[in-house]
Amino acid sequence: DFIQMSTPGGNHAQALGRGGGSGSREIALTFRASLAFTEEPPSLRTPFIGSPTQILEDIRTYARLGVSHLVFGFRGSTVEALLEQLQRFAVEIRPL
């Protein structure tokens, strides 16, 4: 259904020389979300907010749904707290 709904836009892009050609219908889906490490119980959590294991599973779920790009907004009340979140992501999530 999504491909059918997006066909007019795809055809317009191809007409402007921006499409993939040969009837290509590739669409890059991007999702923007806040990311924070917490230890909240799973039933009360928001996607991308939780333990490293929970966040990794959220990333994999969105990938299975076709999202090819994730843009995260990291939270921190101080520069140090923000840097800690970035460091944890780099060490605990990104390598996986």
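In this text the structure is predicted, and so the values were computed from the model without any measurement. (Residues numbered from 1 in each chain as written. Predicted model: local features only at pLDDT ≥ 70, side-chain atom pairs only at ≥ 80, totals over all residues. Heavy atoms only, no water.)

Caption draft 1: Local environment of the packing of aromatic side chains. For the structure shown, the criterion picks out 7 aromatic pairs. Seen from their ring centres, Phe31 and Tyr62 are 4.7 Å apart, and the 45° between their planes marks the pair as tilted. Taken together, the residues span a long stretch of sequence, with Phe31 in strand 1 (residues 29-37) and Tyr62 in helix 2 (residues 52-64) at a distance of 31 residues. Three or more aromatic residues joined by ring pairs form one cluster here, namely Phe31, Phe48, Tyr62, Phe72, Phe74 and Phe89. It is Arg88 that lies over the ring of Phe37; its NZ or CZ is 4.3 Å from the centre. (Phe/Tyr/Trp six-rings, centres within 6.5 Å; stacked < 30°, edge-to-face > 60°. Helix = DSSP H or I, 4+ residues; strand = E, 2+ residues; numbered from the N terminus. Lys NZ or Arg CZ within 6 Å of the ring centre and 35° of its normal.)

Caption draft 2: Molecular detail of a nonpolar patch on the surface. Among the surface-exposed residues, Val79, Leu82, Leu83 and Leu86 lie close enough to one another that they form a single nonpolar patch of about 330 Å² accessible area. Relative to the assigned elements, Val79 resides in helix 3 (residues 79-93). The class for Val79 is exposed, based on a relative accessible area of 57%. (Patch = residues over 30% accessible without salt bridge, like charges linked within 9 Å, V, L, I, M, F, W, Y side chains within 5 Å. Areas by Shrake-Rupley, 256 points an atom, 1.4 Å probe, with all protein chains shown as cover. Salt bridge = Lys/Arg side-chain N within 4 Å of Asp/Glu carboxyl O. Buried < 20%, exposed > 50% of the residue type's maximum accessible area, 1.4 Å probe, protein only.)

Caption draft 3: Summary view of the nonpolar core. By size, the foremost hydrophobic cluster in this structure holds 11 residues: Ala33, Leu35, Phe37, Phe48, Ile55, Ile59, Tyr62, Val67, Phe72, Phe89 and Ile93. Breaking this core down by element, the ones donating at least two residues are strand 1, helix 2, strand 3 (67-74) and helix 3. The residues contacting Leu35, other than those within four sequence positions of it, are Phe48, Ile55, Phe72, Gly73, Phe74, Arg75, Gln85 and Phe89. (Core = buried A, V, L, I, M, F, W, Y, C linked by side-chain atoms within 4.5 Å. Contact = heavy atoms within 4.5 Å.)

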